[in-house]
Amino acid sequence: GAGVSQSPSNKVTEKGKDVELRCDPISGHTALYWYRQSLGQGLEFLIYFQGNSAPDKSGLPSDRFSAERTGGSVSTLTIQRTQQEDSAVYLCASGGGGLDTQYFGPGTRLTVL
Amino acid sequence: GESVGLHLPTLSVQEGDNSIINCAYSNSASDYFIWYKQESGKGPQFIIDIRSNMDKRQGQRVTVLLNKTVKHLSLQIAATQPGDSAVYFCAESGGRRALTFGSGTRLQVQP
(Lines give C-alpha, C1' and ligand atoms only; values in the text may rest on other atoms or scores of the structure.)
Protein backbone atom coordinates (compact mmCIF):
# COMPACT_ATOMS: atom_id res chain seq x y z
CA GLY A 1 0.00 0.00 0.00
CA ALA A 2 0.93 3.66 -0.21
CA GLY A 3 3.42 4.93 2.30
CA VAL A 4 3.79 8.37 3.82
CA SER A 5 4.11 11.05 1.17
CA GLN A 6 5.44 14.56 1.52
CA SER A 7 5.43 17.58 -0.74
CA PRO A 8 7.28 19.37 -2.07
CA SER A 9 10.38 17.18 -2.16
CA ASN A 10 12.56 20.27 -2.36
CA LYS A 11 11.85 23.87 -1.45
CA VAL A 12 14.17 26.82 -1.90
CA THR A 13 13.04 30.08 -0.37
CA GLU A 14 14.40 33.46 0.56
CA LYS A 15 15.03 34.51 4.12
CA GLY A 16 11.92 36.08 5.61
CA LYS A 17 9.42 34.21 3.45
CA ASP A 18 6.82 31.79 4.82
CA VAL A 19 6.76 28.15 3.71
CA GLU A 20 4.24 25.34 4.00
CA LEU A 21 5.22 21.68 3.97
CA ARG A 22 2.65 18.96 3.48
CA CYS A 23 2.41 15.41 4.80
CA ASP A 24 -0.02 12.70 3.74
CA PRO A 25 0.14 9.89 6.30
CA ILE A 26 -0.62 6.24 5.75
CA SER A 27 -4.38 5.77 5.63
CA GLY A 28 -5.80 4.74 8.98
CA HIS A 29 -2.82 5.88 11.03
CA THR A 30 -3.96 7.97 13.96
CA ALA A 31 -0.58 9.35 14.95
CA LEU A 32 1.45 11.83 12.91
CA TYR A 33 4.87 13.22 13.74
CA TRP A 34 7.10 15.94 12.33
CA TYR A 35 10.88 15.79 12.72
CA ARG A 36 13.73 17.90 11.43
CA GLN A 37 17.10 16.58 10.28
CA SER A 38 19.98 18.95 9.77
CA LEU A 39 22.87 17.90 7.53
CA GLY A 40 24.71 14.90 8.92
CA GLN A 41 22.74 14.84 12.15
CA GLY A 42 20.05 12.78 13.81
CA LEU A 43 16.39 13.59 13.81
CA GLU A 44 14.94 16.29 16.06
CA PHE A 45 11.33 15.95 17.18
CA LEU A 46 9.08 18.90 16.37
CA ILE A 47 5.40 18.06 16.94
CA TYR A 48 3.11 15.05 17.43
CA PHE A 49 -0.59 14.60 16.67
CA GLN A 50 -2.61 11.71 18.11
CA GLY A 51 -6.23 11.40 17.07
CA ASN A 52 -8.32 14.28 18.39
CA SER A 53 -6.03 15.00 21.33
CA ALA A 54 -4.21 18.29 21.70
CA PRO A 55 -0.89 18.04 19.82
CA ASP A 56 2.42 17.73 21.63
CA LYS A 57 4.22 20.89 20.47
CA SER A 58 7.12 20.58 22.88
CA GLY A 59 9.71 20.20 20.11
CA LEU A 60 8.88 23.30 18.10
CA PRO A 61 12.01 25.51 18.18
CA SER A 62 10.22 28.86 18.06
CA ASP A 63 6.82 30.46 17.60
CA ARG A 64 7.61 30.82 13.89
CA PHE A 65 6.84 27.11 13.58
CA SER A 66 3.29 25.77 13.63
CA ALA A 67 1.46 22.73 12.35
CA GLU A 68 -2.05 21.59 11.88
CA ARG A 69 -3.72 18.35 10.99
CA THR A 70 -7.04 18.63 9.25
CA GLY A 71 -9.64 15.90 9.50
CA GLY A 72 -7.23 13.62 11.29
CA SER A 73 -5.31 12.99 8.08
CA VAL A 74 -3.20 15.47 6.12
CA SER A 75 -0.85 17.72 8.06
CA THR A 76 0.79 21.02 7.15
CA LEU A 77 3.91 22.37 8.83
CA THR A 78 4.25 26.14 8.45
CA ILE A 79 7.41 28.10 9.03
CA GLN A 80 6.97 31.86 9.10
CA ARG A 81 9.70 34.39 8.38
CA THR A 82 12.19 31.67 7.50
CA GLN A 83 15.78 31.97 8.66
CA GLN A 84 18.90 30.33 7.23
CA GLU A 85 19.14 28.06 10.27
CA ASP A 86 15.76 26.60 9.29
CA SER A 87 17.47 24.86 6.35
CA ALA A 88 17.09 21.14 6.91
CA VAL A 89 15.18 18.08 5.79
CA TYR A 90 11.73 18.01 7.35
CA LEU A 91 10.46 14.47 7.86
CA CYS A 92 6.95 13.33 8.59
CA ALA A 93 6.06 9.97 10.09
CA SER A 94 2.79 8.24 10.86
CA GLY A 95 1.85 5.30 13.03
CA GLY A 96 -0.87 3.68 15.03
CA GLY A 97 -0.01 5.66 18.12
CA GLY A 98 1.21 4.39 21.46
CA LEU A 99 4.10 1.93 21.29
CA ASP A 100 3.78 1.53 17.58
CA THR A 101 6.24 1.74 14.75
CA GLN A 102 6.58 5.10 13.02
CA TYR A 103 6.84 5.03 9.25
CA PHE A 104 8.64 7.90 7.61
CA GLY A 105 8.06 9.79 4.40
CA PRO A 106 10.90 10.80 2.07
CA GLY A 107 11.16 14.28 3.57
CA THR A 108 11.15 17.83 2.23
CA ARG A 109 14.54 19.45 1.81
CA LEU A 110 14.20 23.11 2.74
CA THR A 111 16.90 25.57 1.75
CA VAL A 112 16.66 29.14 2.99
CA LEU A 113 18.90 31.51 1.06
CA GLY B 1 19.90 13.44 20.06
CA GLU B 2 23.49 14.29 20.57
CA SER B 3 24.98 15.92 17.52
CA VAL B 4 28.18 14.79 15.91
CA GLY B 5 27.94 17.21 13.05
CA LEU B 6 29.13 15.98 9.67
CA HIS B 7 31.48 13.36 11.07
CA LEU B 8 29.37 10.34 11.87
CA PRO B 9 31.03 7.35 13.48
CA THR B 10 31.73 4.91 10.67
CA LEU B 11 31.84 1.14 10.71
CA SER B 12 33.55 -0.42 7.72
CA VAL B 13 33.08 -4.15 7.11
CA GLN B 14 33.76 -6.64 4.36
CA GLU B 15 30.87 -8.09 2.42
CA GLY B 16 29.73 -11.31 4.07
CA ASP B 17 30.98 -10.37 7.53
CA ASN B 18 28.68 -9.71 10.45
CA SER B 19 28.17 -6.11 11.58
CA ILE B 20 27.42 -4.85 15.06
CA ILE B 21 26.23 -1.29 15.56
CA ASN B 22 25.96 0.01 19.10
CA CYS B 23 23.85 2.67 20.73
CA ALA B 24 23.71 4.05 24.26
CA TYR B 25 20.52 5.64 25.50
CA SER B 26 20.03 7.91 28.46
CA ASN B 27 16.40 7.66 29.53
CA SER B 28 15.85 4.76 31.92
CA ALA B 29 12.09 5.23 31.48
CA SER B 30 12.27 4.40 27.76
CA ASP B 31 10.09 1.40 26.97
CA TYR B 32 10.32 1.05 23.21
CA PHE B 33 13.34 1.03 20.93
CA ILE B 34 13.67 1.03 17.16
CA TRP B 35 16.48 0.76 14.66
CA TYR B 36 16.15 2.71 11.42
CA LYS B 37 18.23 2.60 8.26
CA GLN B 38 18.60 5.77 6.23
CA GLU B 39 20.01 5.83 2.74
CA SER B 40 21.15 9.03 1.14
CA GLY B 41 18.27 11.28 0.14
CA LYS B 42 15.62 9.06 1.71
CA GLY B 43 13.61 8.99 4.90
CA PRO B 44 14.48 6.53 7.69
CA GLN B 45 13.33 2.99 7.02
CA PHE B 46 12.16 0.76 9.86
CA ILE B 47 14.38 -2.25 10.47
CA ILE B 48 13.43 -3.81 13.77
CA ASP B 49 12.01 -2.84 17.14
CA ILE B 50 12.06 -4.17 20.68
CA ARG B 51 10.07 -3.44 23.79
CA SER B 52 11.60 -3.06 27.21
CA ASN B 53 10.22 -6.38 28.48
CA MET B 54 12.50 -8.20 26.04
CA ASP B 55 16.28 -8.41 25.75
CA LYS B 56 16.57 -9.90 22.28
CA ARG B 57 14.57 -9.93 19.09
CA GLN B 58 15.43 -11.42 15.74
CA GLY B 59 14.35 -10.52 12.24
CA GLN B 60 15.59 -11.50 8.84
CA ARG B 61 19.40 -11.20 9.04
CA VAL B 62 19.07 -8.71 11.89
CA THR B 63 19.05 -9.07 15.66
CA VAL B 64 18.50 -6.37 18.25
CA LEU B 65 19.86 -6.76 21.76
CA LEU B 66 18.73 -4.64 24.67
CA ASN B 67 20.64 -4.32 27.93
CA LYS B 68 18.57 -2.17 30.26
CA THR B 69 21.09 -2.42 33.08
CA VAL B 70 23.66 -0.41 31.17
CA LYS B 71 21.17 1.27 28.84
CA HIS B 72 22.69 -0.19 25.71
CA LEU B 73 21.16 -1.27 22.43
CA SER B 74 22.85 -3.06 19.58
CA LEU B 75 21.96 -4.06 16.05
CA GLN B 76 23.58 -7.11 14.55
CA ILE B 77 23.46 -7.65 10.80
CA ALA B 78 24.40 -11.09 9.58
CA ALA B 79 26.21 -11.62 6.28
CA THR B 80 26.41 -7.93 5.53
CA GLN B 81 25.72 -6.98 1.93
CA PRO B 82 26.61 -3.85 -0.09
CA GLY B 83 22.93 -2.87 0.02
CA ASP B 84 23.25 -2.58 3.79
CA SER B 85 25.48 0.46 3.38
CA ALA B 86 23.61 3.37 4.98
CA VAL B 87 23.38 5.40 8.18
CA TYR B 88 21.78 3.52 11.04
CA PHE B 89 19.91 5.28 13.83
CA CYS B 90 18.66 3.92 17.11
CA ALA B 91 15.60 5.61 18.55
CA GLU B 92 13.87 5.37 21.90
CA SER B 93 10.43 6.23 23.13
CA GLY B 94 10.39 7.25 26.75
CA GLY B 95 7.22 8.69 28.16
CA ARG B 96 6.03 10.68 25.21
CA ARG B 97 5.39 8.84 21.97
CA ALA B 98 7.70 10.91 19.83
CA LEU B 99 11.05 9.23 19.30
CA THR B 100 14.41 10.46 20.51
CA PHE B 101 17.06 9.58 17.95
CA GLY B 102 20.72 8.84 18.42
CA SER B 103 23.26 10.58 16.24
CA GLY B 104 23.69 7.70 13.81
CA THR B 105 26.41 5.35 12.62
CA ARG B 106 27.49 5.07 9.01
CA LEU B 107 27.94 1.48 7.81
CA GLN B 108 30.21 1.00 4.81
CA VAL B 109 30.29 -2.42 3.24
CA GLN B 110 33.35 -3.17 1.15
CA PRO B 111 32.69 -5.60 -1.74
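Everything below is about the structure shown above.
Residues numbered from 1 in each chain as written. Chains lettered and ligands numbered in written order. Predicted model: local features only at pLDDT ≥ 70, side-chain atom pairs only at ≥ 80, totals over all residues. Heavy atoms only, no water.

## Considering the overall build of chain B
Regarding its fold elements, chain B presents 0 helices and 10 strands. Secondary structure elements in chain B, listed N-terminal to C-terminal, are β-β-β-β-β-β-β-β-β-β. Against the compact-globule benchmark of 13 Å for 111 residues, chain B has a radius of gyration of 13 Å, which places it among compact chains. On the principal axes, the C-alpha backbone points of chain B span a range of 40 × 30 × 25 Å. For chain B, buried positions account for 42% of its 111 residues. (Helix = DSSP H or I, 4+ residues; strand = E, 2+ residues; numbered from the N terminus. Rg over C-alpha atoms; globule rule 2.2 N^0.38 Å. Buried < 20%, exposed > 50% of the residue type's maximum accessible area, 1.4 Å probe, protein only.)

## Things to note about the interface of chain A and chain B
Between chain A and chain B, the contact holds 21 residues from the first and 26 residues from the second. When the two sides are added together, the surface that chain A and chain B hide from each other amounts to roughly 1,800 Å², 58% of it contributed by carbon and sulfur. Here chain A and chain B share 0 salt bridges between them. Along the contact surface separating chain A from chain B lie 5 residue pairs in polar contact (both at pLDDT 80 or more). Only β4 (31-37) and β5 (43-50) of chain A provide two or more residues apiece to the side of chain A that touches chain B. In terms of residue class, the side of chain A that touches chain B is made up of 10 nonpolar, 9 polar and 2 charged. (Contact = heavy atoms within 4.5 Å. Buried area = accessible area lost by both parts, 1.4 Å probe. Salt bridge = Lys/Arg side-chain N within 4 Å of Asp/Glu carboxyl O. Polar contact = N/O pair within 3.5 Å; in protein donor to acceptor, adjacent residues only side chain to side chain. Nonpolar A, V, L, I, M, F, W, Y, C, P; charged D, E, K, R; others polar.)

## Examining the packing of aromatic side chains
Here the distance between the centres and the angle between the planes together describe a pair of aromatic rings. One pass over the full model with this rule turns up 11 aromatic pairs over all chains. For the pair Tyr33(A) and Tyr48(A), a centre-to-centre distance of 4.7 Å together with 5° between the ring planes defines the contact as stacked. Of this pair, Tyr33(A) sits in strand β4 while Tyr48(A) sits in strand β5, placing them 15 residues apart in sequence. Residue Tyr48(A) is classed as buried on the basis of its relative accessible area of 11%. Among the aromatic residues, those joined into a cluster by ring pairs are Tyr33(A), Tyr35(A), Phe45(A), Tyr48(A), Phe104(A), Tyr36(B), Phe89(B) and Phe101(B). (Phe/Tyr/Trp six-rings, centres within 6.5 Å; stacked < 30°, edge-to-face > 60°.)

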